[in-house]
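# Observations on the model geometry
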Amino acid sequence: MGQLCWLPLLAPLLLLRPPGVQSAGPIRAFVVPHSHMDVGWVYTVQESMRAYAANVYTSVVEELARGQQRRFIAVEQEFFRLWWDGVASDQQKYQVRQLLEEGRLEFVIGGQVMHDEAVTHLDDQILQLTEGHGFLYETFGIRPQFSWHVDPFGASATTPTLFALAGFNAHLGSRIDYDLKAAMQEARGLQFVWRGSPSLSERQEIFTHIMDQYSYCTPSHIPFSNRSGFYWNGVAVFPKPPQDGVYPNMSEPVTPANINLYAEALVANVKQRAAWFRTPHVLWPWGCDKQFFNASVQFANMDPLLDHINSHAAELGVSVQYATLGDYFRALHALNVTWRVRDHHDFLPYSTEPFQAWTGFYTSRSSLKGLARRASALLYAGESMFTRYLWPAPRGHLDPTWALQQLQQLRWAVSEVQHHDAITGTESPKVRDMYATHLASGMLGMRKLMASIVLDELQPQAPMAASSDAGPAGHFASVYNPLAWTVTTIVTLTVGFPGVRVTDEAGHPVPSQIQNSTETPSAYDLLILTTIPGLSYRHYNIRPTAGAQEGTQEPAATVASTLQFGRRLRRRTSHAGRYLVPVANDCYIVLLDQDTNLMHSIWERQSNRTVRVTQEFLEYHVNGDVKQGPISDNYLFTPGKAAVPAWEAVEMEIVAGQLVTEIRQYFYRNMTAQNYTYAIRSRLTHVPQGHDGELLCHRIEQEYQAGPLELNREAVLRTSTNLNSQQVIYSDNNGYQMQRRPYVSYVNNSIARVMLHRRLWNNFDWDLGYNLTLNDTSVVHPVLWLLLGSWSLTTALRQRSALALQHRPVVLFGDLAGTAPKLPGPQQQEAVTLPPNLHLQILSIPGWRYSSNHTEHSQNLRKGHRGEAQADLRRVLLRLYHLYEVGEDPVLSQPVTVNLEAVLQALGSVVAVEERSLTGTWDLSMLHRWSWRTGPGRHRGDTTSPSRPPGGPIITVHPKEIRTFFIHFQQQ
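Residues numbered from 1 in each chain as written. Predicted model: local features only at pLDDT ≥ 70, side-chain atom pairs only at ≥ 80, totals over all residues. Heavy atoms only, no water.

This paragraph deals with the state of the cysteines. Within this structure, the stated rule accounts for 2 disulfides. Each disulfide pairs two cysteine sulfurs, and for Cys 587 the partner residue is Cys 697, the sulfurs being separated by 2.0 Å. Between Cys 587 and Cys 697, the disulfide has an S-S torsion of 125 degrees and is therefore right-handed. Taken together, the residues Cys 587 in the loop between strand 20 (580–584) and strand 21 (588–593) and Cys 697 in helix 14 (residues 694–697) connect sequence positions 110 residues apart. Across this residue pair, the class does not change: Cys 587 and Cys 697 are buried. With its bonded cysteines labelled in order along the sequence, the protein chain shows the pairing 1-2, 3-4. (Disulfide = S-S within 2.5 Å. Helix = DSSP H or I, 4+ residues; strand = E, 2+ residues; numbered from the N terminus. Buried < 20%, exposed > 50% of the residue type's maximum accessible area, 1.4 Å probe, protein only.)

The next subject is the pattern of salt bridges. In the structure shown here, the tally under the stated rule is 36 salt bridges. We note a salt bridge from Asp 872 to Arg 874, for which the minimum N-O separation is 3.8 Å. Classification of Arg 874 as exposed rests on a relative accessible area of 52%. Across the pair Asp 872 and Arg 875 runs a salt bridge, and its minimum N-O distance is 3.7 Å. Grouping residues by exposure puts Asp 872 and Arg 875 together as buried. (Salt bridge = Lys/Arg side-chain N within 4 Å of Asp/Glu carboxyl O.)

In this section: the nonpolar core. Grouped together as the largest cluster of nonpolar side chains are 188 residues, with contacts concentrated most on Trp 83, Trp 148, Phe 230, Leu 305, Phe 329 and Ile 967. Broken down by element, this core gets its largest block of residues, 12 residues, from helix 11 (residues 366–390). With near-sequence residues (within four places) excluded, Trp 83 lies in contact with Met 49, Ala 54, Tyr 57, Thr 58, Val 61, Ala 88, Gln 92 and Val 96. Within the second largest apolar cluster, 25 residues are counted, among which are Leu 529, Val 581, Val 613 and Val 687. (Core = buried A, V, L, I, M, F, W, Y, C linked by side-chain atoms within 4.5 Å. Contact = heavy atoms within 4.5 Å.)

This paragraph deals with a nonpolar patch on the surface. A grouping of Leu 711, Trp 761 and Leu 768 is seen on the molecular surface, where their side chains present a nonpolar patch of about 260 Å² in accessible area. By the secondary structure assignment, Leu 768 is in helix 15 (residues 765–769). (Patch = residues over 30% accessible without salt bridge, like charges linked within 9 Å, V, L, I, M, F, W, Y side chains within 5 Å. Areas by Shrake-Rupley, 256 points an atom, 1.4 Å probe, with all protein chains shown as cover.)

Take the sheet that holds strand 40 (residues 962–969) next. Note on sheets: strands pair through backbone hydrogen bonds, and any given pair is parallel or antiparallel. The sheet built from 4 strands is open, its strands ordered 35-36-40-38 with antiparallel pairing. Two strands close off the open sheet at either side, each with one partner strand: strand 35 (838–844) and strand 38 (910–916). Adjacent strand axes in the sheet meet at a mean angle of 25 degrees when their direction is disregarded. Pairing geometry for strand 38 and strand 40, over 6 bridges, is antiparallel. For Glu 914, the partnering residue across the bridge sits in strand 40 and is Phe 966. Contacts from helix 11 reach strand 35 and strand 36 (875–882) within the one sheet, and its direction differs from that of strand 35 by about 70 degrees. (Pairing = 2+ DSSP bridges. Axes fitted to C-alpha atoms, helices over the stretch in contact; angles between N-to-C directions.)

So, on to helix 12 (residues 400–416). Since one α-helical turn is 3.6 residues long, residues separated by three or four positions face the same way. Under the 1.5 Å per step criterion, the end-to-end length of helix 12 is 24 Å for 17 residues, consistent within 8% with the ideal 24 Å. Taken together, the buried positions of helix 12 are occupied by Ala 403, Leu 404, Gln 406, Leu 407, Leu 410, Arg 411, Ala 413, Val 414, Ser 415 and Glu 416. Buried residues along helix 12 sit against helix 1 (45–66), helix 2 (78–86), helix 4 (122–140), helix 11, helix 13 (429–458) and strand 35. (Expected span 1.5 Å × (residues − 1).)

Now for the sheet that holds strand 18 (residues 558–559). Strand order in the open sheet made by the 4 strands is 13-16-15-18, with mixed pairing throughout. Sheet topology places strand 13 (487–495) and strand 18 at the edges, where each strand pairs with a single neighbour. Note: strand 13 against strand 16 (residues 524–532), 9 bridges, orientation antiparallel. What sits directly across from Ile 490, in strand 16, is Leu 529.

Residue Pro 349 is bonded to the preceding Leu 348 through a cis peptide linkage, with omega at -5 degrees. The residue Pro 349 is located in the loop between strand 11 (341–342) and helix 11 in this model. At Ser 215, a residue that is not glycine, the phi angle is positive and equals roughly 55 degrees. Topologically, Ser 215 is positioned in the loop between strand 9 (206–210) and helix 7 (259–274).

The relative placement of two packed helices is expressed as an angle between their axes plus a distance between the axes. At a minimum axis distance of 10 Å, the contact between helix 11 and helix 12 shows a crossing angle of 155 degrees. Judged by the angle between their axes, helix 11 and helix 12 are roughly antiparallel. For helix 11 against helix 12, the interelement crossing comes out left-handed. Of the residues in helix 12, those touching helix 11 at Ala 375, Ser 376, Leu 379, Gly 382, Glu 383 and Phe 386 are Pro 400, Ala 403, Leu 404, Leu 407, Leu 410, Arg 411 and Val 414. Of the residues that constitute the contact of helix 11 with helix 12, the class distribution is 9 nonpolar, 2 polar and 2 charged. (Parallel < 35°, antiparallel > 145°, perpendicular 65-115°, else oblique. Left-handed = near helix turned anticlockwise from the far one by under 90°. Nonpolar A, V, L, I, M, F, W, Y, C, P; charged D, E, K, R; others polar.)

Given below as structure tokens:
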């Protein structure tokens, strides 16, 4: 199953120096002793700190201070920050600062967590890195320059670009497909320069080291002992340490009687690994999961072993020393070797052996994945909403300190759930509950902040309803668009009356539609067509009317009509398609088969082409008994046979309205079943004249319902078409770029690998011991948008459509009392608008307390001015992202030039623009990343950072670039 990580990773490294084996010079091998704090997937943060994590930092700091030759690396900030804020003494904090200054303690990656690379979104990856880097820079003035991404289950092509933009000089990974790793290992190809983006290419490349077959752990078998080797502190015990200090699996202490045997075992493994790499430098991990909670016994045994090897270097062919990861990469870089280049392909999916495809986690705990996505979207909106509230001047009485606390709480909650044993769904139920609680608490605080901002804007115009048995006189809705484009869309509210009148800020009627609610009995769904400028609000009054009827001329919401189709059995013959029911808008006609109640085909207007499209739910029946063969679990998807239909009958109804027509299909396991297990709700929008509804018209929104499932079932939605795809599909890497995936015929794991939902139980001891059986009885509601059309049409619309789905307008809904209030005008705030190929990735007030001048900040830290500065509310973090690849679209793929003074004039007068690294800690003009030789034209020492003109408000953003700025406005 492999060892999985949650807690932060800390690792001292050993530098091995075998005497000259190659003519290139003396061989030097970096042996990497480390502690991978792999506990957060089983135990909560509080349990982990108590049983293990706090002891790592406390004992490591103490032991590093005792030996000048000792080194250590620390990775994630989640647990280090808890130790620093709640456990560390003043003396320990002083020691940490000294160790960092001397280079004997080194932070690598430096994010809040080690994020997953398969199911996380780029925005959330950047967030968690930014949170960790901000803490490290603010507290210590340091900026991580190397990554240690050893445990995510596969590697995304987004990663090299992300880490290059963050300022890293080299990247270290581990988990790639087992057979590919074996081939690369044999060919000595585990080190290369990775150009993750085809558009950015060498401008944002990064040197990459993939760990060999032993991964990040010390080889546990040593020939002279029946215990594991080099793990002298044993394995951590939960929920609290043993009273007698004796831990399981403690290695035999190093003694004069066995020191030669230990030395021979270590050196033999180093030499084995040396054959797998092109240079004389070898990484050899010392440690594994849950190590270094007793650093004293670790170093007390390793110190004499290293001394012994060094004293016998001539005969052993190896000399060793402790080192940081930076020491290793600096030595490697100094060799000035010419490296091969890897292009923008990723290392997904990931398998560890035959019938061990780690693709189950793509869908495990879908409910947690959905909650994390909603929390991220809410945070994105809240960041710009608060920034707009403060600039050009606050418009109310909101306490900025309290507001920043709400933002920070949700930032941390969204950051921590990106961990590779969190959003992946590979944690135990109590840890899942912990993440869900943190997210829910953060979202509640964010909604309170948003409500306070809106009420400050509305008061005193909008009277709130007092408690009354008669219920509210109506509602008001404030709708905020967090994207920096004008958006035309439909927002849906739930109301308690069947007839309503919706008016806007000027009192004009608004196109709207009312229909029976699918979620709440005795309630109604109110659909409102809204057009909202970028980073702006629209406000609506919603009042009950007396019996609004369909087709009435009164300015009231139109009433949708419902056409029902009886339950139809699944047909096993080819008689389908005789009676087709059309559902149309201005872009599509969806044809439904009345014989089966399934979709039959879609006609697309622009191309005047009909495409056969059918959809159905299927289930894989998977094995739960390890004695009967491979099993599926939180990590693995291991079906034994092809999926089979999960339904015998389908009901359908069509809810037709002037704004939206909804097709509802309900899938039953059999003809007499009382409840359906699956559903599809497909929506087509009818955009009225006078509204720019290009994105709205060209999407078919589909909301799926799946669950509760029967035990050991994995549910999929199969969409079949008659398009000639030539067995090629495209899927995205983290919402950043598309991967072309041609069909591959696998000898093993040959069955499809993507699904909607899963419910599993097995009797594998490891899964049972950690409660990782995934008996998930939840019901999930994923939403997708279907775009159908020519390559040029879908290419132009896909990126903006994806963002419009991810960042829908935020609706704040309240009750009204008394007469209708006078709402603020639609243009009370000037809009923020970007060109259609640029995305506002973030507009935020981080509240950092450090000076953006590195020299000044370093001087303040040396003088001891720590924690005294106030949060800087004047510094606005702006990040822009070009959505298109080079050559993807003749117009939208062009570089785009914008004047930030003009774009941001709604926030005030821009007085300074500082371009920064991705996470904000580097002045980009001072960031000079290492260049790695890839051919005769590139030499060591050349920078890979693109040359740019000095800072100014006019910038040009090239395809797929992500550019980060600090914006300073004139104080009002």
